[in-house]
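# Coordinates in review
Spelled out, the chains give:
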Amino acid sequence: MPILGLIGTFEGYVPTATDLYLRGNNPAGFTSNGNTIIDSGQITLKSDNASYAISTANVVNLTGFSHLNVEFYKTNGKAGFVNFHAGEAIARNEIVTGSFTGTTSFNLSGLQLATRISLAFGYIGSTSSYGAVYRIWLS
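Residues numbered from 1 in each chain as written. Predicted model: local features only at pLDDT ≥ 70, side-chain atom pairs only at ≥ 80, totals over all residues. Heavy atoms only, no water.

## Observations regarding the side chain of Thr 36
As a reminder, the rule being used: Runs of E in the DSSP output that reach at least two residues are strands. Runs of H or I that reach at least four are helices, and both are numbered from the N terminus. Two N or O atoms count as a polar contact when they lie within 3.5 Å, although within protein this holds only if one can serve as hydrogen donor and the other as acceptor, and sequence-adjacent residues are included solely when both atoms are side-chain atoms.
By secondary structure assignment, the location of Thr 36 is in strand 3 (residues 36-38). At a separation of 2.4 Å, a polar atom in the side chain of Thr 36 contacts the side chain of Ser 32.

Pasting the structure below:
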């Protein structure tokens, strides 16, 4: 259907209100520790024998949400999560080891606060890991 006499197509990903990151859309303002690359369509995890992490520049309100979900692909190594509040880690979970493709979720029940979020991937006392993060959202 033409709009203002123009016919076109839309290709892309439109984040919902609960998306923190979606294929290049970065509502939470994730930044890299230097070993990740925030690309136009994914967050690329690329490093040899080093940890790499992403952290929100913005405070995220976790009140009312029960899970933080991460859709990603990775090889080897480990992936973990640290949630920071006032400079101190308040929740820490190691998620998956070895190669992984899919979605994993962190239980946020009881974390009724607004805070910055950090996710760590890669060399956490293990071997090198490569991969990509496609989506991060709250549910």
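## Concerning the environment of Thr 63
To keep it simple, the criterion reads: Classification of residues uses two cut-offs on accessible area relative to the type maximum, computed with a 1.4 Å probe and protein chains only: under 20% is buried, over 50% is exposed, and between them is partly exposed. By definition in these notes, contact holds between two residues if any of their heavy atoms fall within 4.5 Å.
Note that Thr 63 resides in the loop between strand 6 (60-61) and strand 7 (67-74). Thr 63 gets classed as partly exposed once you look at its relative accessible area, which sits at 41%. Here the alpha-carbon distance between Thr 63 and Leu 108, two residues 45 residues apart in the chain, equals 9.1 Å. Those residues in contact with Thr 63, other than ones at most four positions away along the chain, are Leu 111, Gln 112 and Leu 113. A polar contact is formed between the side chain of Thr 63 and the side chain of Asn 61, at a distance of 2.9 Å.

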